[in-house]
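# Reading the structure
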Amino acid sequence: IIKGDGLSLRIGAASILAKVWRDRLMMKMHEEYPMYGWDSNVGYPTPVHLAAIKVHGISEHHRRSFAPCQQRQLPL
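Chains are numbered independently. Their residues run from 1 in the order of the written sequence. This being a predicted model, a pLDDT of at least 70 is required before a residue's local features are given, and a value of 80 or more before pairs of side-chain atoms are given or counted; all residues contribute to the totals for chains, interfaces and linings. Excluding hydrogens and water, the side-chain values take into account all heavy atoms of the structure.

## Digging into unusual backbone geometry
Stated formally: Numbering of helices and strands runs from the N terminus; a helix is a DSSP stretch of H or I covering at least four residues, while a strand is a stretch of E covering at least two. Whether a residue is buried, partly exposed or exposed follows from its accessible area with a 1.4 Å probe, protein chains only, as a fraction of its type maximum: under 20%, in between, or over 50%, in that order.
Positive phi is not limited to glycine here, since Lys 3 has a value of about 60°. Mapped onto the fold, Lys 3 is located in the segment before α1 (9-32). Looking at Lys 3, the relative accessible area reads 66%, which means it is exposed.

## Side note on the packing of aromatic side chains
The relative placement of two aromatic rings is captured by the distance of their centres and the angle of their planes. Put simply, the test is: Each Phe, Tyr or Trp ring (for Trp, its six-membered ring) is paired with any other whose centre lies within 6.5 Å, and the angle between the two planes then decides the class: stacked below 30 degrees, edge-to-face above 60, tilted in between.
All chains considered together, the criterion is met by 3 aromatic pairs. The interplanar angle of 85° and the centroid separation of 6.3 Å between the aromatic rings of Tyr 33 and Trp 38 together place this pair among those described as edge-to-face. Connected via pairs of aromatic rings, a cluster forms that spans Tyr 33, Tyr 36 and Trp 38.

## Points about the pattern of salt bridges
A pair can form between side chains of opposite charge whenever their charged atoms are brought close. As a reminder of what qualifies: Salt bridge, as used here, is a side-chain nitrogen of Lys or Arg placed within 4 Å of a carboxyl oxygen of Asp or Glu.
Tallied over the full model, the rule gives 1 salt bridge. In this structure, the salt-bridge partner of Asp 23 is Arg 22, at a minimum N-O distance of 3.0 Å. In this structure Arg 22 comes out as partly exposed when scored by relative accessible area, which is 26%.

## Structural notes on the environment of Ile 53
Inspection of the secondary structure assignment puts Ile 53 in helix α3 (residues 47-56). In this structure Ile 53 comes out as buried when scored by relative accessible area, which is 1%. Taking C-alpha positions, Ile 53 is 11 Å from Tyr 33, a pair spaced 20 residues apart along the chain.

Here you go:
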């Protein structure tokens, strides 16, 4: 539902819970793989994150359908 969080309290609450969960997950992933900058990019392909993929490859957390990941291997 487009703009559903403005139409439904349940959708709005679910959206907030999903964002909080995602942010916490990104912080945990940052602890394990600090080179990707997940603490600041929260999963978005920033220039720093893309550079880290080029240098370090991808982790098991990277989405394989993301174009830069399709050409990279798991880090050693």
